[in-house]
Amino acid sequence: MKKNKFSKNWIIKQNRDIYVKKSKLEGYRSRAVYKLIEINDKFKLIKNNSLVVDLGAAPGSWSQYISRNFNNSKIISIDLKEIEPIKNSIHIKGDFTEEYQKLKIKKYFEKKVDLIISDMAVNTTGNKSVDHLKIISLIETVFIVAEKHLKKSVLLQ
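Residues numbered from 1 in each chain as written. Predicted model: local features only at pLDDT ≥ 70, side-chain atom pairs only at ≥ 80, totals over all residues. Heavy atoms only, no water.

Some points on the pairing of strand S1 (residues 51-55)
Inclusion rule: Buried residues are those whose accessible area, probed at 1.4 Å on protein chains only, stays under 20% of the maximum for their type, while exposed residues exceed 50% and partly exposed ones sit between those limits. Labels follow the DSSP assignment, with helices taken as runs of H or I lasting at least four residues and strands as runs of E lasting at least two, numbered in each case from the N terminus. DSSP bridges decide pairing: two strands pair if at least two such bridges lie between them.
In terms of residue burial, S1 counts as a mostly covered element, since five of its five residues are buried. Burial along S1 is two-sided: Leu51, Val53 and Leu55 facing one way and Val52 and Asp54 facing the other are all buried. By the bridge criterion, five bridges tie S1 to strand S2 (residues 74-79) in an arrangement that is parallel. Looking at the pairing, Leu51 lines up with Lys74 of S2. One ladder, built from four bridges, connects S1 with strand S4 (residues 115-118); its direction is parallel. Paired with Val52 across the two strands is Leu115, which belongs to S4.

A word on helix H6 (residues 128-149)
We count it as follows: To estimate the expected span of a helix, subtract one from its residue number and multiply by 1.5 Å. We define a polar contact as two N or O atoms separated by no more than 3.5 Å, with the added condition that, inside protein, one atom must be a possible hydrogen donor and the other a possible acceptor, whereas residues neighbouring each other in sequence contribute only through side-chain atom pairs.
Given a rise of 1.5 Å per residue, 22 residues ought to cover 32 Å, and the 32 Å separating the end C-alpha atoms of H6 matches this to within 8%. Two or three places before Ser129, at the opening of H6, Asn127 has a side-chain oxygen 3.0 Å from that residue's backbone nitrogen.

Remarks on the pattern of salt bridges
Applied cut-off: Salt bridges, as used here, are contacts in which a Lys or Arg side-chain nitrogen is within 4 Å of a carboxyl oxygen on Asp or Glu.
Inspection of every chain in the model, using the stated rule, returns five salt bridges. Between Asp17 and Arg31 there is a salt bridge, with the nearest N and O atoms lying 2.9 Å from each other. Note that Asp17 is positioned in the loop between helix H1 (5-16) and helix H2 (18-26) and Arg31 in the loop between H2 and helix H3 (33-43), a separation of 14 residues in sequence. Looking at Asp17, the relative accessible area reads 18%, which means it is buried. In this structure, the salt-bridge partner of Asp119 is Lys35, at a minimum N-O distance of 3.1 Å. In this pair, Asp119 is assigned in the loop between S4 and H6 and Lys35 in helix H3, connecting sequence segments 84 residues apart.

Re the packing of aromatic side chains
The test is simple: Put simply, two rings from Phe, Tyr or Trp (the six-membered ring, in Trp's case) pair if the centres are within 6.5 Å, and we call them stacked under 30 degrees between planes, edge-to-face over 60, tilted for the rest.
As enumerated under the stated definition, the model contains five aromatic pairs in all. Taking 5.5 Å as the distance between ring centres and 40° as the angle between the ring planes, the aromatic pair formed by Tyr19 and Tyr34 counts as tilted. Of this pair, Tyr19 sits in helix H2 while Tyr34 sits in helix H3; the two residues are 15 residues apart in sequence, bridging distant segments of the chain. Measuring from ring centre to ring centre gives 6.5 Å for Tyr28 and Tyr65, while their planes differ by 55°; the resulting arrangement is tilted. Linking Tyr28 in the loop between H2 and H3 with Tyr65 in helix H4 (residues 61-69), this pair joins segments that are 37 residues apart in sequence. The exposure classification of Tyr28 matches that of Tyr65, with both residues buried. Put simply, the rings of Tyr19, Tyr28, Tyr34, Tyr65 and Phe70 pair up and form one aromatic cluster.

Structure representation (C-alpha cells):
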C-alpha cells in the first residue's frame, strides 16, 4: 500500500515529538499522559484511593498514570478497543453509552465515583458542521454518564 504525503509527514512529526520520546522512555502507552499530568498538577483532581472511570481509555496511558502514581486507586477503563491490562484497573471493551456497560461500572464500584476522565474524540468526516455536532453529542453523553456516576462535589472555578 502506498503511503500518502500526510501519513509520511505524521510519521516524521511523531519521530521528532519530545512527548512521544518521553512517553516511550517512561514506559507510558501514549503522549496523552502528559495532558493528564498537567491538568492534575494544576487542579489536584486525583488523589490516593480515588475511584476513577476512564472513558475512551485506549491505549490506556491515563489509567496507567493513575495506577502508577496514586496508591489504592480503583480504576475502570472503557473503550471500543481492547487495551493491555493495567494494575488496579479493569477494562471493559464496549460502548459506555449502553445500559449494560453503565451497570458494570455501577456494580464494580458499588458507589459513586470521585472522578471521570476522558480524552475521547469522534471519528471525523471532514465536514466541520457534522463533526461539530458529533463532538457536542459526545460531550452531552459524557455529562449524562457523569451525572449518574459521579459524586456531587465543588465545581472547578
